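The residues making up each chain are set out below.
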Amino acid sequence: MAKFTLHDIPDIASDTLDKLGELNINSVYQLAVQNPSELAWGLSNNFVDIHSAARLIANARKILTENEILSKEFSTADDLLVRRHKISQYKTGSSNFDSFLNGGIETQSITEIAGEFGSGKSQICHTLCAAAISLLKDDSLDDSNNEFSQRLPRSIIYIDTESSFQANRVHQIAEQKNLDPEDILKRIYHCNVYSSEQLEALIDNLPKFIEQYNSKLVIVDSIISLHRAEFSGQGTLTERQQRLGKMLNRLRRYADIYNIAVVITNQVVSYADSSHPGFDYMKAAGGNIVGHGSTYRIFIKRSGKNRTAIMQDSPSHPYQRVKFTISENGIEDTSSYKTEEVNELGW
Ligand code: ADP
Ligand code: MG
């Protein structure tokens, strides 16, 4: 098990260490995920310029690279394959949905689930919480490089911006699946968030909680609702997008450095397609910033009492769709199974 502390950073001054402590940066991982300009700003009383801040971060990343937790700046493709083998996959509760994902929700990635109100995004998140238990308890899971792994049972962080989390629903799903509801509920660290500023601060401080709770799955339901409500005027769009981009950028770094899965939900906007006048179409909200910030984008549509999930953007999946349904078991397969390739509009 790798064991290193901030004292292992070459030539780190003791007043810099103190200052990092004041900024709540207490581990090599927490330093490695920082952004140079923000860190320089935080350390500015110490006259640390952006270059020195960048060097501190680079030294933290170097320690993680030497311990094979991060890839080198340039890695050969076979090294990348070794790192890919460290990816774990969380089951969704529907085996068809899992096949559609080539196994499940992956670590080292951000999986975005977009859809209309009532399409089942939060139900997917609830089911994931219950279904994740088998992986959270899997002793063969390769996280031997993680210095926190032995400390606490593995857990889930659930960031809830719409007050839609229901512990009793997770309990019900777990019971239906013959899983131990008490064990599952104890492993979910839930946090209600009420403002965009609070969400941003929480995301900034997330490494501390990921380490403290030994979390392997972070769910943000939803990533956009607070920003969308608070930055509604045209003039505020640029700022909103910058703030969203910053959060996603951080989440991406956390997914990578801690080898965790990050699931975010997203809302939709309607748009008119000039080639089909009179029809309104739905697309994921948040524009390119959210689209590019996520590794996988899954769009959920209602179709009668079933739901259709469409893989809209992925570096490794075909453009395809799958049907699932929602019941007391959470999300599950429909009786008629189908994973199909679809056209660009998702039909
Ligand atoms: P979103 O988060 O996308 O707004 P939800 O995940 O909250 O939507 O989905 C809500 C829908 O899930 C409800 O409209 C209902 O159709 C379905 N649902 C919730 N609980 C159950 C249940 N116990 N049995 C069957 N369907 C359910
Ligand atoms: Mg919801």
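Given the structure is predicted, the values throughout are model-derived calculations rather than measurements. (Residues numbered from 1 in each chain as written. Chains lettered and ligands numbered in written order. Predicted model: local features only at pLDDT ≥ 70, side-chain atom pairs only at ≥ 80, totals over all residues.)

Asks: Would you take a moment to explain the overall build of the chain for this structure?
Replies: Helices and strands together make up the secondary structure of the chain, namely 14 helices and 14 strands. For the chain, whose C-alpha radius of gyration is 21 Å, the value lies close to the compact-globule estimate of 20 Å for 347 residues. When its C-alpha atoms are laid out on the principal axes, the chain stretches across 65 × 50 × 40 Å. Split into buried and exposed, the 347 residues of the chain put 39% on the buried side. (Helix = DSSP H or I, 4+ residues; strand = E, 2+ residues; numbered from the N terminus. Rg over C-alpha atoms; globule rule 2.2 N^0.38 Å. Buried ≥ 20, exposed ≤ 12 C-beta atoms within 10 Å, placed from the backbone.)

Asks: I would appreciate a short explanation of the site of ligand 1 in the present structure.
Replies: Residues in close proximity to ligand 1 include G115, F117, G118, S119, G120, K121, S122, Q123, I326, S327 and E328, which together make up its full environment. Elements supplying a minimum of two residues to the shell around ligand 1: α7 (121-131) and β12 (320-327). Within the shell around ligand 1, the residues separate by chemical class into 2 nonpolar, 7 polar and 2 charged. (Near = placed C-beta within 6 Å. Nonpolar A, V, L, I, M, F, W, Y, C, P; charged D, E, K, R; others polar.)

Asks: For this particular structure, what's the right way to read the environment of L251?
Replies: By the secondary structure assignment, L251 is in helix α13 (residues 237-257). Those residues in contact with L251 that sit more than four places away from it in its chain are I110, I203 and V262. (Contact = placed C-beta atoms within 7 Å.)

Asks: Quick question: what am I supposed to make of the packing of α7 against helix α9 (residues 167-176) here?
Replies: For any two helices packed against each other, one specifies the inter-axial angle together with the distance between the axes. At a closest axis distance of 9 Å, the pairing of α7 and α9 adopts a crossing angle of 55 degrees. As judged from the angle between their axes, α7 and α9 are oblique. For the pair α7 and α9, the crossing hand works out as right-handed. Touching H126, T127, C129 and A130 of α7 are R169, V170, I173 and A174, all from α9. Class assignment of the residues belonging to the contact of α7 with α9 gives a composition of 5 nonpolar, 2 polar and 1 charged. (Axes fitted to C-alpha atoms, helices over the stretch in contact; angles between N-to-C directions. Parallel < 35°, antiparallel > 145°, perpendicular 65-115°, else oblique. Left-handed = near helix turned anticlockwise from the far one by under 90°.)

Asks: Explain the packing of helix α11 (residues 196-212) against α13 here, please?
Replies: For the pair α11 and α13, interaxial distance at closest approach is 11 Å and the crossing angle is 10 degrees. The pairing of α11 with α13 is recorded here as roughly parallel in orientation. With respect to the hand of their crossing, α11 and α13 are arranged in left-handed fashion. Across from S196, E200, I203, D204, L206, P207 and I210 in α11, the residues of α13 making contact are R243, M247, R250, L251 and Y254. Here the contact of α11 with α13 is composed, by residue class, of 7 nonpolar, 1 polar and 4 charged.

Asks: What is the right way to look at α7 in this model?
Replies: One turn of the α-helix equals 3.6 residues, which is why residues spaced by three or four share an orientation. Most of α7 is tucked away, with 11 of its 11 residues classed as buried. For α7, the complete set of buried residues consists of K121, S122, Q123, I124, C125, H126, T127, L128, C129, A130 and A131.

Asks: When you look at the nonpolar core in this model, what are you seeing that I'm missing?
Replies: Side chains of a nonpolar character, in soluble globular proteins, are inclined to be buried together. With 83 residues, the main nonpolar core has L128, C129, I219, Y254 and V262 as its most contacted residues. Here the element with the most residues in this core is α13; it accounts for 7 residues. Residues from two domains meet in this core; each of domain 1 (10-78) and domain 2 (86-341) gives at least three. (Core = buried A, V, L, I, M, F, W, Y, C linked by C-beta atoms within 7 Å. Domains from an automatic or database assignment.)

Asks: Help me understand the pairing of strand β7 (residues 261-266) in this model?
Replies: A regular strand places its side chains so that they alternate between the two faces of the sheet. Taking burial as the measure, the 6 residues of β7 include 6 buried ones, the bulk of the element. Neither face of β7 is exposed, since A261, V263 and T265 on one face and V262, I264 and N266 on the opposite face are all buried. Sheet topology places strand β3 (residues 109-115) next to β7; 6 bridges connect them, and they run parallel. Note on β7: the bridge partner recorded for E112 is I264. As paired strands, strand β6 (residues 215-221) and β7 are joined by 4 bridges and run parallel to one another. Across the sheet, the residue bridging to L217 is A261, located in β7. (Pairing = 2+ DSSP bridges.)

Asks: Before we go on, may I ask you to explain unusual backbone geometry in this structure?
Replies: Apart from glycine, the bulk of residues carry a negative phi angle, and the bulk of peptide bonds sit in the trans form. With an omega of 0 degrees, the peptide bond running from D221 to S222 counts as cis. Along the chain, S222 falls in the loop between β6 and α12 (225-230). The phi torsion at N24 lies on the positive side, around 70 degrees, for a residue other than glycine. Inspection of the secondary structure assignment puts N24 in the loop between α1 (14-22) and α2 (28-32). Its identity as a non-glycine residue notwithstanding, N214 has a phi of 50 degrees, on the positive side. For N214, the location among the structural elements is in the loop between α11 and β6. For N214, a count of 19 C-beta atoms within 10 Å translates into the label partly exposed.

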